[in-house]
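# Commentary on secondary and tertiary structure
The lines below spell out each chain.
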Amino acid sequence: MTVRRLVLVWAALLALLILTLTCASLPLGRGNALLSFAIAGCKATLVMAYVMHVKRSAVAIRLAALMGGCMLLILLSIGLADFASRHRYLAPWQPPDAPPKEALHHR
Amino acid sequence: MSTSLPALLVDDPPAQRLRLGMWVFLASEAMFFGPLLLAYCYGRLVLGEAFLAACRHTDVVLGTLNTALLLTSSLAMALAHHAAGMQCWRACRRLLAIVFMFGAIFITVKAFEYRYDWQQGLYPGGAAHAGGADFFYLLYYVLTGLHGLHLLIGMALVAFLLARLRSPAAKGRWVEGIGLYWHFVDLVWIFLYPMLYLAGRAS
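Predicted, not measured: the structure shown is a model, and the values here were computed from it. (Residues numbered from 1 in each chain as written. Chains lettered and ligands numbered in written order. Predicted model: local features only at pLDDT ≥ 70, side-chain atom pairs only at ≥ 80, totals over all residues. Heavy atoms only, no water.)

### Some thoughts on the overall build of chain A
Along chain A, the regular secondary structure elements total four helices and zero strands. Mapped from its N terminus to its C terminus, chain A presents α and β elements in the order α-α-α-α. Counting only residues that meet the buried cut, chain A has 32% of its 107 residues in that class. Sequence-distant contacts in chain A: of pairs separated by 6 or more residues, those separated by 24 or more amount to 41%. For chain A, the computed accessible surface area is about 6,800 Å², with 73% contributed by carbon and sulfur atoms. (Helix = DSSP H or I, 4+ residues; strand = E, 2+ residues; numbered from the N terminus. Buried < 20%, exposed > 50% of the residue type's maximum accessible area, 1.4 Å probe, protein only. Contact = heavy atoms within 4.5 Å. Areas by Shrake-Rupley, 256 points an atom, 1.4 Å probe, with all protein chains shown as cover.)

Laid out in structure tokens, this is it:
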């Protein structure tokens, strides 16, 4: 039973791989990035839930797994919020009229 | 609940400690990859088209092949864990050998891909790239290199498991612990694949 489920999950993962590869060449603009990361999220969920047995694990294990993901998202959001606001709230070393994008191109 | 893990698998306190410890370690490993993910988001959002244009040059065929290899190796590892739970040590050993073999094939394919990339001038400061492309290739090598290092460590752990562990109870625990690490390496690649191989393919 477990073996059958594992093989089914593997087949689903390979199907998602083919799906994401096919979708990557469709002209969807910003949708391409959203779609490919959504599919990666589905694949990661399948791997964690069934292959790594999070679905059948104790609460402490689920919390540890959830904490990893949440901390990563929190730290990424804080970091990106900094970059997103740089052109409005300048860092002390930034010249007032050079947004970070320009500064990087002129390196 | 932990009591309904694969049939007959040892679920004594040492196994539970190892499982929880491994998960906490993997969460900290995710933080290890975090700054590189942030750098990638920065490149994608701020550098825009030059960054994506560089992404189109990575070898999507080899990338897809490697993704399929890793997904299949994870299946073999999960089956080895299951076999350990059923006390089928012969099957467990064979499956672990298959996992090791898939890891070795992945590394070989990656080595060929690096050589191909190098010949194409796809490295920071290589050919006539814009600033965004240099940044992309830097991230490409650091991310795939760090992932490859993790995979090599995983392969060494699998080899250790095959060669050294004799006591069945300890072996059952370690198949699970090392299995979790192996699946984590697979998880990282699941995200690296769209980041490094699929981005910018449509335009």
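Now, onward.
### Let's talk about helix 1 (residues 13-47) of chain B
All names here are of chain B. Between the first and last C-alpha of helix 1 there are 50 Å, a value that for 35 residues agrees with the 51 Å anticipated at 1.5 Å per step. Of all the bends in helix 1, the largest measures some 35° and sits at Phe33, one to four residues before the proline Pro35. Backbone geometry just after helix 1 places Gly48 at a positive phi near 60°. (Expected span 1.5 Å × (residues − 1). Bend = angle between axes of the 7 residues up to and from the residue.)

### Section: the interface of chain A and chain B
Listed per partner, the contact involves 45 residues of chain A and 48 residues of chain B. Both faces considered, chain A and chain B share a buried interface measuring about 4,100 Å² in area, 82% of it formed by carbon and sulfur atoms. Summed over the shared surface of chain A and chain B, the number is zero salt bridges. At the boundary of chain A and chain B, one finds two residue pairs in polar contact (both at pLDDT 80 or more). If you list the elements that add at least two residues to the side of chain A that touches chain B, you get helix 1 (2-24), helix 2 (30-51), helix 3 (59-85) and helix 4 (100-105) of chain A. Of the residues contributing to the side of chain A that touches chain B, the split by class is 32 nonpolar, ten polar and three charged. (Buried area = accessible area lost by both parts, 1.4 Å probe. Salt bridge = Lys/Arg side-chain N within 4 Å of Asp/Glu carboxyl O. Polar contact = N/O pair within 3.5 Å; in protein donor to acceptor, adjacent residues only side chain to side chain. Nonpolar A, V, L, I, M, F, W, Y, C, P; charged D, E, K, R; others polar.)

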